Amino acid sequence: MQLQPPLLFHHFPYSSQMAPKIKATFLVLGLSLLLLLQEAVSADYGSALTKSLLYFEAQRSGKLPSNQRVSWRGDSALKDGSDVGVDLVGGYYDAGDNVKFGFPLAFTVTMLSWSVIDFGSQLSAGKELDNALAAIKWGTDYFIKAHPQANVLYGQVGDGDADHACWQRPEDMTTPRTSYKIDEQNPGSDLAGETAAAALAAASIVFSKSDSDYSSQLLDHAKQLFDFAKSHQGIYQNSIPQAHFYSSSGFQDELLWAAAWLFRATNDKTYSDYLSSPGNTGGTRTMFSWDDKYSGAQILISKLLLEGKAPSDGNWGSFKSQGEQFICNVVQKGSNNVKKTNAGALWWDSFNNLQYTTSALFLTLSYSDSLSSAKSSLNCPAGPISSGDLISFARSQVDYILGKNPQGMSYMVGFGSSFPVKVHHRGASIVSIKQSRAQVTCQEGFNVWFNSQSPNPNVLEGAIVGGPDQGDNYTDSRSNFQQAEAATANSGPIVGVLARLA
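On a predicted model such as this, the values are computed, not experimentally measured, just so you know. (Residues numbered from 1 in each chain as written. Predicted model: local features only at pLDDT ≥ 70, side-chain atom pairs only at ≥ 80, totals over all residues. Heavy atoms only, no water.)

Asker: Quick one: what's the story with the sheet that holds strand 2 (residues 153-157), residue by residue and with numbers?
Answerer: Spatial strand order, 1-2-3: three strands in an open sheet with antiparallel pairing. The sheet is open, and its two edges are formed by strand 1 (100-101) and strand 3 (179-182), each paired on a single side. (Pairing = 2+ DSSP bridges. Helix = DSSP H or I, 4+ residues; strand = E, 2+ residues; numbered from the N terminus.)

Written out as structure tokens, the structure reads:
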């Protein structure tokens, strides 16, 4: 039996005049296939975005709402603040412990807010805007409670040393829930400045259209805290020694950061004058993090310059130049490039490296869109970089985080077929209180759960762990807190990054 040729070529009445039509047909087919492939990739980013916001629900402290999606969590810390007669119920647990550290949490809420400000349309398209707003409001509601007077701010609930000596679920923990504050006699300009910028000024922009009364309330708190931070200066851990797990290296960056957000929120000359006044603009930084906000302030100001909303002389030009050089160094086109792992991932530190990656990628993508709108490019020491180049670089780094790495492992928990299953996290590693209400004692938690060789009974979906070492190696072990612990400061920036790429 003679085989017939494929239908496509069988009895095809070909002529040279039809060549352009054939080429056009294949071009359309090729473009369609390319779009399908791009949609497949975008669907992955969209799934990661959904999970990144689920993570914040797993970190909630207080009375959980009826629409709580992370079902293995329960109500916890319902008496926070009772030691000082102030309602401090709510907020977020910081990482794998049960302490509410206000300083990194405020940075987290800033980045969530900035994600909505810059990428709100993408979040809406991905049907995640409401979840992002809920994540922000869970933090800002707490910060309003934590600021009961103009010059009083509660910056921490829980004792980190006592908490770290126990391994317990938040729902039935027995560790002290001591409340710690800054005030006029015990200042903390960094904590007050970050909270003014994060929980309040940036979030006031987020809610300005959907809830104007709430937005105004946030802005009033922000203004008060900025004045407090300026008039009573000091480093917050000197007033709250128990905050040594998140010690601040200084407060000038937080004051600039707060002023920049307040100017963005109000267009008030008071804040532009502060930014214009002689002082330290930060120089070109090596990282952007919960401790070092200079690069964030520089890029925020640079975006205002590109939009024509600020002058380009004096300090303003310095902010822009220094912020752009930071991005040049991130994308490997600068004079002092960020180090990379053997496989090409950005590398800063052996302890929770990915927190620096997510924050740097956020600035890169945020600025890429501003450059595109201004029809401009970034002039780096190694040559000009287009907005598209910045997006491509960020995508390659996110792909590494989501599994395109030598381990073949996603460093977002619950994403893909291979991800960390022994995350350093008390609540995730102990049986859910919904399944067993038997009290897990301080040491029993270590003996039965922390030291278990089994995967965590609860999947901490969407969490970004610390990530691999410079050799791209990762050890999935609860005792490996340097690599296997997730934190809210890791995930705050990734929400905007994933929204932009989805």
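Asker: Tell me about the pairing of strand 2, residues and numbers included.
Answerer: Burial runs high along strand 2: five of the five residues are buried. Across two bridges, strand 1 lies against strand 2 in antiparallel orientation. Counted as the bridge partner of lysine 100 is valine 157 from strand 2. Pairing of strand 2 with strand 3, which is carried by four bridges, proceeds in the antiparallel orientation. Along strand 3, the bridge assignment pairs glutamine 156 with tyrosine 180. (Buried < 20%, exposed > 50% of the residue type's maximum accessible area, 1.4 Å probe, protein only.)

Asker: I'd like a description of helix 5 (residues 189-206), backed by residues and values.
Answerer: The first and last C-alpha atoms of helix 5 sit 24 Å apart over 18 residues, in line with the 26 Å expected at 1.5 Å per residue. The largest bend along helix 5 reaches roughly 30° and is located at alanine 197. With 18 of 18 residues buried, helix 5 lies mostly within the body of the structure. (Expected span 1.5 Å × (residues − 1). Bend = angle between axes of the 7 residues up to and from the residue.)

Asker: Can you lay out the state of the cysteines for me, pointing to particular residues and giving the numbers?
Answerer: According to the stated counting rule, one finds two disulfides in the structure shown. The disulfide that involves cysteine 166 links it to cysteine 442, with 1.9 Å between the sulfurs. Between cysteine 166 and cysteine 442, the S-S torsion sits near -95°, and that sign places the bridge as left-handed. Taken together, the residues span a long stretch of sequence, with cysteine 166 in the loop between helix 4 (160-164) and strand 3 and cysteine 442 in helix 15 (residues 442-450) at a distance of 276 residues. Disulfide pairing places cysteine 328 opposite cysteine 380 at an S-S distance of 2.0 Å. In this structure, the disulfide formed by cysteine 328 and cysteine 380 twists by about -85° around the S-S bond and is classed as left-handed. Remark: cysteine 380 occurs in strand 6 (residues 378-380) and cysteine 328 occurs in helix 11 (residues 314-330); sequence separation between them is 52 residues. Looking at the protein, its bonded cysteines, counted consecutively from the start of the sequence, adopt the pairing 1-4, 2-3. (Disulfide = S-S within 2.5 Å.)

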